[in-house]
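# Analysis of the macromolecular model
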Amino acid sequence: MNAKFDGSKAEKTGEQLIQQMLYDILSGLKTKLVQPLLEKNLKIADRLEELKEQDRAGIAELKERLVVLEDKVQQMPLTILAALRDAINQAGGGEKNGA
């Protein structure tokens, strides 16, 4: 009976040793491989957020410029008509509004 007791005690010690070794291995992997990868991913994520903000700012600027361009395009027919009117008035000897 004493031999069985010593055998199970040795098995427990061996299992504990294996568990400790596995823990050490996994801890080392985490420290050496996983943690640097996570840190790099965080840096990449931060950089992506910066780029998104720049894109948002650029898009907002483009929208503003598009509004200005649309206004100018809408005013263009009026400018052309005014120029035609002025040209016709000058060709007619300076008479305005058909008088």
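Our structure is the block above this text.
Reference entry: report on the structure contained in this document. Quick caveat: nothing in here was measured; it's all calculated off a predicted structure.

Each helix and strand counted, the protein has one helix and zero strands in total. Within the protein, the fraction of its 99 residues that count as buried is 1%. Here the protein has roughly 9300 Å² of accessible surface; of this, 63% comes from carbon and sulfur atoms.

This next bit is on the pattern of salt bridges. Counting across every chain of the model gives four salt bridges. A salt bridge links Arg56 to Glu53, with the shortest nitrogen-to-oxygen separation between them at 2.5 Å. Here Glu53 and Arg56 lie together in helix 1 (residues 2–91), a separation of three residues that amounts to about one turn. By relative accessible area, Glu53 is classed as partly exposed at 45%. In this structure, Asp86 engages Arg85 in a salt bridge whose closest nitrogen and oxygen atoms are separated by 3.3 Å. We classify Asp86 as partly exposed; its relative accessible area is 34%. Overall, the relative accessible area of 46% leaves Arg85 in the partly exposed class.

Analysis parameters
Residues numbered from 1 in each chain as written. Predicted model: local features only at pLDDT ≥ 70, side-chain atom pairs only at ≥ 80, totals over all residues. Heavy atoms only, no water. Helix = DSSP H or I, 4+ residues; strand = E, 2+ residues; numbered from the N terminus. Buried < 20%, exposed > 50% of the residue type's maximum accessible area, 1.4 Å probe, protein only. Areas by Shrake-Rupley, 256 points an atom, 1.4 Å probe, with all protein chains shown as cover. Salt bridge = Lys/Arg side-chain N within 4 Å of Asp/Glu carboxyl O.

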